[in-house]
Amino acid sequence: MTALKKRRKRLRGCCAGDVHARVRPTKRRRVNAGMAQLHAALTELVPTSDDELARSEALQALQEVVKKVFGSAAWVLPFGSHVQGSQLPGSDLDLCLELSGVYADQGSQETKKSRLNTLRKLLLNLPKTFAVLETRLNPQIRVPILVLNFTSSSGRDVEVDVSSGVTIQGTSKGLTDYIVRSVLAQAPRALPLVRVVKSWARSQGLNKAYDGFMNSLGWTLLVLVFVIQRGDVSSCSVPLAVKGWSLKQARVAGIPPRLPEPSALESPTGSELAEFYEMVANYRPWLDNTDDTDEDAGPLGVSLMQVKGVRGPSDQADAPFFIEDPGPRFVTGRIDNVARCLRVATWRLILSRCEQAASELRALGRQAGSEAVASWVRSVVRSPAKADDCRPPKQTPCVTIPDGPYPVVGAKRSVSDMEMHKDSSPSMPTACPPTEVDVLPTSKRARLTSKRGRGALPQMPDVCKSSPGPPIKATNLRDRTKSPE
C-alpha cells in the first residue's frame, strides 16, 4: 500500500512537471511578444537613415551658402533636438550662423540690426533647393529667424530654422542640448520615453509655447527629471556634462551621430509611462502653494540639479510652473524658466491631460498588458496634432506683415505681438503668448492659416478667410524684390 502511494505520488509529480513545462514557456512567449510589440511601436518614432541624410545635406548646403555670401570666416552651428539626439521623424533642423566680430555686444541695437541684415542678405542668396516658409525679421524680435524648406537630392523635405548669432546673454546655443544628450546617453530607457512624450504632447496640441504651453525642450527636461528621480541617472552628471562641452568642439562636430537605440528589454514599459504622467499630474497642488509673505515670489518647479521642488525667479511670477534651464545656470548663474510661457489655464489643461493619459495606460496595462500599451503608442504616433480644442481663451494668433521689400511667404505667426521673451532660452528660443494685442488701424494683418508655417493652427471659419499660396522658391523671391511693383 505504501509502495502504491509512492508510485501515484511520483506519477502526479511527473504530470505536474510536464504541465509546468508546457505552461511556463507559453507564458514567457506571451510576455516577450508584448514587449516586442511595444518595442516595435517605439521604433516608429526613430528617424530613418534617409531623414538623417537629408538633414546632413541641408546643413552642408547652408554652410556652403554662408561661406559664399559672408566669407570663409562665417560658420553654422546646429542646435536643438538633433544635438540632443531626441529628434522625431519630421523634426525641424535648428541652425544658427555666426560672423566673426559682428556680434561682440549681444545687447546693443547695432547687434540686432546686424542680425537682421545678415538674415536678409542670406534670404536673397538662397539656392533653389531652399524655399521660404516664414520670415521673422521684425526688429522687436529678440531672435530673428528664417523658416526654410530644404529639398534633398532624394526629394525629402526638411524644415530648417535659421537664426543669427550663436550666443544669447553670454550662453552659447547648444549647451543645454549637450547636457540633455549626456543624460540620455546614460539612461537607455529615457530616449524612447522622451520621444513618446514629445509625440503625445504634439498630438494633444500641448507643445506650442506661443499658445501658452511648453515647448519640446520643456517636455524633454521633465522626462530627465523623472529618470533622475527614479535613480536611473545621478544629478551629479549634469555639471560633468557642462565641463566636457566647448563651442569649438560643437562647431567641428556639426550634427552628432544618433544615440544608441535601446533593446526590447531596455525599452520603457507601460507602467513607466504611466508613472511619468502621474509625476506631472501630481504637480497640481503646487498651483495653490504660494508664498503669502512675498506677492512676487516665483513659481514652484523642478531642476535637474535638485530632486526636490525649487522656486523660480520672481520676475517670472506670471508662469504657474518653473523648469530650470541648466545651461545658463552653470555658465552665467542666470536662472531661466523654460516654461515661462505657461499660464494657469494651459497648465491646468496639461495636468488634466496627463491624469487622463496615466489612467488610460494603467487600465490598458491591467487589462491587456504590453500589447494594448503598444497600440496606445501607435495611436499617439499616427494621430494628427490637435490645437483647436487646446488653445487658451482670448489668444487669437495673428500675423503682422512687416514693412519692406520682403513679401510674406506662407503663413506667419505674429512676431510683434508675440515677441521673444527678454529672458528667452538660448538653447530653444520660443515666443510667449500675448497678454494684450495693440491693433493699429494702419497695420497690415493677416489671420493665421492652417497648412503653412511650422505649428500653424487648424483653419476656422471665423478666423481664416483665405488660404495663402504655396511656398515660393528663393529665385522667385529675388525676382519679386527687384520688381518695380
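Residues numbered from 1 in each chain as written. Predicted model: local features only at pLDDT ≥ 70, side-chain atom pairs only at ≥ 80, totals over all residues. Heavy atoms only, no water.

Thoughts on the overall build of the chain
Across its full length, the chain carries 14 helices and 13 strands. Taking all 485 residues of the chain together, the buried fraction comes to 51%. (Helix = DSSP H or I, 4+ residues; strand = E, 2+ residues; numbered from the N terminus. Buried < 20%, exposed > 50% of the residue type's maximum accessible area, 1.4 Å probe, protein only.)

Here we look at the sheet that holds strand E9 (residues 310–311)
Taking strand neighbours across the sheet as the criterion, the three strands line up as E9-E8-E10 in an open arrangement whose pairing is mixed. Because the sheet does not close on itself, it has two edges, and the strands there are E9 and strand E10 (322–323). Two elements, strand E8 (residues 300–302) and E9, share two bridges in a ladder whose sense is antiparallel. Opposite Leu-300, over in E9, you have Arg-311 as the bridge partner. (Pairing = 2+ DSSP bridges.)

Here's the deal with the pairing of strand E4 (residues 145–151)
Most of E4 is tucked away, with six of its seven residues classed as buried. The pairing of strand E3 (residues 130–136) with E4 spans six bridges and is antiparallel. Residue pairing across strands places Ala-131 opposite Asn-149, the latter belonging to E4. Here seven bridges tie E4 to strand E5 (residues 157–164), and the two strands are oriented antiparallel to one another. Considered in E5, the bridge of Thr-151 is made with Asp-157. The antiparallel hairpin formed by E4 and E5 contains five residues in its connecting segment, where Gly-155 sits at a positive phi of about 90°.

A closer look at helix H2 (residues 49–70)
Over its 22 residues, H2 extends 31 Å from the first C-alpha to the last, a length consistent with the 32 Å expected when each residue adds 1.5 Å. Those residues of H2 lying buried are Asp-51, Glu-52, Ala-54, Arg-55, Ala-58, Leu-59, Ala-61, Leu-62, Val-65, Val-66 and Val-69. Directly beyond the C-terminal end of H2, a positive phi value near 105° is found at Gly-71. (Expected span 1.5 Å × (residues − 1).)

Some details on the side chain of His-82
Mapped onto the elements of the fold, His-82 is located in helix H3 (residues 81–84). Classification of His-82 by relative accessible area gives buried; the value is 1%. At 3.5 Å, the side chain of His-82 and the backbone oxygen of Asp-92 are in polar contact. When sequence neighbours within four positions are dropped, the list of residues in contact with His-82 reads Arg-55, Gln-87, Ser-91, Asp-92, Leu-93, Ile-255 and Pro-256. (Polar contact = N/O pair within 3.5 Å; in protein donor to acceptor, adjacent residues only side chain to side chain. Contact = heavy atoms within 4.5 Å.)

Topic: the environment of Val-76
Structurally, the position occupied by Val-76 is in strand E1 (residues 75–79). Taking the relative accessible area as the measure of exposure, Val-76 reaches 3% and is therefore buried. C-alpha separation for the pair Val-76 and Gln-63, spaced 13 residues apart in sequence, amounts to 6.0 Å. Excluding residues within four positions of it along the chain, Val-76 makes contact with Leu-59, Leu-62, Gln-63, Val-66, Leu-95, Cys-96 and Leu-97.

Considering the side chain of Asn-207
With respect to the helices and strands, the residue Asn-207 is situated in the loop between helix H6 (190–204) and helix H7 (216–230). The residues contacting Asn-207, other than those within four sequence positions of it, are Ala-201, Arg-202, Phe-213, Met-214, Asn-215, Ser-216 and Trp-219.

Some remarks on the pairing of E5
With seven of its eight residues buried, E5 lies for the most part within the structure. Sheet topology places strand E2 (residues 93–98) next to E5; five bridges connect them, and they run parallel. Of the residues in E5, the one forming a bridge with Leu-93 is Val-160.

What about the packing of helix H12 (residues 344–367) against helix H13 (residues 370–382)?
In a pair of packed helices, the angle between the axes and the distance between the axes together describe the arrangement. Their axes nearest at 7 Å, the elements H12 and H13 cross at an angle of 145°. In this structure, H12 uses Ala-357, Glu-360, Leu-361, Leu-364 and Gly-365 to contact H13, whose residues at the interface are Ala-372, Val-373 and Trp-376. Residues belonging to the contact of H12 with H13 are distributed by class as follows: six nonpolar, one polar and one charged. (Axes fitted to C-alpha atoms, helices over the stretch in contact; angles between N-to-C directions. Nonpolar A, V, L, I, M, F, W, Y, C, P; charged D, E, K, R; others polar.)

Re the packing of helix H10 (residues 270–281) against H12
For the pair H10 and H12, interaxial distance at closest approach is 8 Å and the crossing angle is 155°. Here H10 is positioned roughly antiparallel relative to H12, judged by the angle of their axes. Judged by the twist between their axes, the crossing of H10 over H12 is left-handed. Contacts between H10 and H12 pair Gly-270, Ser-271, Leu-273, Ala-274, Glu-275, Tyr-277, Glu-278, Val-280 and Ala-281 from the former with Trp-347, Leu-351, Cys-354, Glu-355, Ala-357, Ala-358, Leu-361 and Arg-362 from the latter. Residue classes in the contact of H10 with H12 are distributed as eleven nonpolar, two polar and four charged. (Parallel < 35°, antiparallel > 145°, perpendicular 65-115°, else oblique. Left-handed = near helix turned anticlockwise from the far one by under 90°.)

Some remarks on the confidence of the model for the chain
Mean pLDDT over the chain: 75, with 69% of residues reaching 70 or higher. Here residues 13–31 is modelled with pLDDT under 50, and outside its nearest four sequence neighbours on either side it reaches two contacts, counting other chains as well. Confidence over residues 434–469 falls short of pLDDT 50; this stretch has 72 contacts with residues more than four positions distant or in other chains. (pLDDT = per-residue confidence, 0-100.)

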